[in-house]
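Each chain, letter by letter, is given below.
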Amino acid sequence: MCLPDVSSVASLGLQRPSRGEPMTDTALPVSDIDLFDDRVLVDPYPSYAALRDLGAVVRLPANDVHVLTRYDAIRGALGDWETFSSAGAIGFNPAVNEALAGTSLASDPPEHTRLRAALTAGLSPRALRGLKDGIDAKADALVADLVARGSFEAVDALARAFPLEIVADLIGFTGHVRAGMLRWGQAAMQVIGPMNRRTAESFPIAGELYAWCSGVTAGDLAPGSVGRGIFEAEARGDIPSGSAGHIIHQYLGAGVDTTIAAIGNIVALFAAHPEQLALVREDPSLVPAAFNEALRYWAPVHAWGRRATRDVEIDGVPIPAGAKVAILFGAGNRDPRHYADPDAFLVERNPVDHLSFGYGPHGCAGQGLARLEGHAVIRALARRVERLVTGPEVRVPSNITRSIDELPVLEVVPA
């Protein structure tokens, strides 16, 4: 994808200074793009490129936000929690920000530090090492079965089925909670968007999850699970009383839908680029690099909120105190100022510094588990598949998570 010319900028609703009035260092670029328009959500990359072309910071009146579009600006903001606060700010409507108050997602240090410690206790490298062999075995068995079938629907049969089982076992979900995980997880991400139709329709479903998490007890979760461990931390006083349910909410709300998106993207990308799958098959040490590249190329999260706590400038462009700021991970991941040939999917690139897991204090708490799952699926595909023939992928507009809704695999050529 090339950076757009002037005509394509105009077609995307972007505003430049008129001829003869060059933009100064302190001018604030403005765009008429609606970040949550259906067409932008399905394929945001032309808009991302045009916004990057305007500047590292662009004002979007349609959404009442300042968007960060370039890699350095995004990484810098993610690392500066004192200036770009998460407290009451990650969502794009006040109701969800109120509902998320008291969670590590929507708090800043020192409160965030304390809550995050309980969230990550069961996701430490030592804890995850004990899960690796089991996760690898489950992925290999699932992919082997799908290859034997010869055709299948990749999102339902793999991208959803695999992480849902892993997370349910890890947290200790049982009964109707296991059955509702997908529905609840999707709604929890939708309501982070602005108060549009998708958000309004998802609030009652997200409310079911919130109500369950508000009343869940240790006895509702399987013995020996991470979920039980969170309640034990609460009982010891390691986290505030009543916060265990909030933390479990985050496991399901923030961790399921994004991993489903990443795995669906992996299947689609390897189907479209069989030569890249061949590289991984020939050199299995490329598995982590391939996962990093898939996350860079198609970021699972579209936009995430922050609030400016003070007047600040980025590349000479002012952002006033109190302004709503939107982080565009996918725009930063395709910034040609940081990555050469950014619109190519190249597993040998190994972009270990991609933005899809965030950065700084709020870097994805579950990224270790996501890597185990993503690596396991890539390893199994490389071992068992030479080529995938797929039908058209179906993407449905979603406020926050950008994922494939349907991906028919029409034919599998075994390795």
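To start, this report covers the structure provided alongside it.

Conventions adopted
Residues numbered from 1 in each chain as written. Predicted model: local features only at pLDDT ≥ 70, side-chain atom pairs only at ≥ 80, totals over all residues. Heavy atoms only, no water. Helix = DSSP H or I, 4+ residues; strand = E, 2+ residues; numbered from the N terminus. Rg over C-alpha atoms; globule rule 2.2 N^0.38 Å. Contact = heavy atoms within 4.5 Å. Areas by Shrake-Rupley, 256 points an atom, 1.4 Å probe, with all protein chains shown as cover. Lys, Arg positive; Asp, Glu negative; His and termini not counted. Charge placed at Lys NZ, Arg CZ, Asp CG, Glu CD. Salt bridge = Lys/Arg side-chain N within 4 Å of Asp/Glu carboxyl O. Buried < 20%, exposed > 50% of the residue type's maximum accessible area, 1.4 Å probe, protein only. Expected span 1.5 Å × (residues − 1). Phe/Tyr/Trp six-rings, centres within 6.5 Å; stacked < 30°, edge-to-face > 60°. Lys NZ or Arg CZ within 6 Å of the ring centre and 35° of its normal. Polar contact = N/O pair within 3.5 Å; in protein donor to acceptor, adjacent residues only side chain to side chain. Pairing = 2+ DSSP bridges.

For the rest of this paragraph, the subject is the overall build of the protein chain. Across its full length, the protein chain carries 16 helices and 12 strands. Since a compact globule built from 415 residues should have a radius of gyration of about 22 Å, the 21 Å found for the protein chain is in line with a globular shape. Principal-axis analysis of the C-alpha atoms places the extent of the protein chain at approximately 65 × 55 × 35 Å. Long-range pairs, those at least 24 residues apart, make up 71% of the contacts in the protein chain with a sequence separation of at least 6. Only carbon and sulfur atoms are counted for the fraction: they give 54% of the accessible area of the protein chain, which is about 16,600 Å². Here the protein chain contributes 37 positively and 49 negatively charged side chains, and the mean placements of these two sets differ by 3 Å.

Here we come to the pattern of salt bridges. Going through the model one piece at a time under the given rule, you end up with 21 salt bridges. A salt bridge links Asp-238 to Arg-236; the nearest nitrogen and oxygen atoms lie 2.9 Å apart. Residue Arg-236 is classed as exposed on the basis of its relative accessible area, which comes to 56%. Look at the salt bridges and you will find they share partners, linking Lys-138, Glu-165, Asp-169 and Arg-178 into a network.

Let us now look at the environment of Val-377. Considering the arrangement of structural elements, one finds Val-377 in helix H16 (residues 367-384). Here Val-377 is in contact with Ala-139, Leu-158, Phe-162 and Ile-263, once residues within four sequence places are set aside.

To continue, consider H16. Spanning 18 residues, H16 covers 25 Å between terminal C-alpha atoms, matching the ideal 26 Å at 1.5 Å per step. Turning to H16, its buried residues number three or more, namely Leu-369, Ala-370, Leu-372, Glu-373, Gly-374, His-375, Ala-376, Val-377, Ile-378, Ala-380, Leu-381 and Ala-382. Check the buried side of H16 and you find it contacts helix H7 (125-149), helix H8 (154-171), helix H12 (244-272), helix H13 (274-282), helix H14 (287-297) and strand E11 (385-390).

Turning next to the packing of aromatic side chains. Scanning the entire structure with this criterion turns up nine aromatic pairs. Taken together, a centroid distance of 5.9 Å and an interplanar angle of 65° make the contact between Phe-173 and Trp-212 edge-to-face. Here Phe-173, found in the loop between H8 and helix H9 (175-190), pairs with Trp-212, found in helix H10 (residues 197-215); they are 39 residues apart in sequence, far enough to count as distant. Exposure class is identical for Phe-173 and Trp-212. Each is buried. An aromatic cluster of three or more residues is present, and its members are Phe-270, Tyr-297, Trp-298 and Phe-345. Its guanidinium or amino end placed over the ring of Phe-92, Lys-324 lies 5.0 Å from that ring's centre, counting from NZ or CZ. Sitting over the face of the ring of Tyr-45, Arg-334 holds its NZ or CZ atom 4.0 Å from the ring centroid.

By the secondary structure assignment, Ser-31 is in strand E2 (residues 30-31). For Ser-31, a relative accessible area of 0% corresponds to the buried category. Polar contacts involving the side chain of Ser-31 include one to the main-chain amide nitrogen of Ile-33, which spans 3.0 Å.

It is worth spelling out the pairing of strand E3 (residues 57-60) at this point. Sheet topology places E3 next to strand E4 (residues 65-68); four bridges connect them, and they run antiparallel. Paired with Val-58 across the bridge in E4 is Val-67.

Keep in mind these values describe shape, not function.
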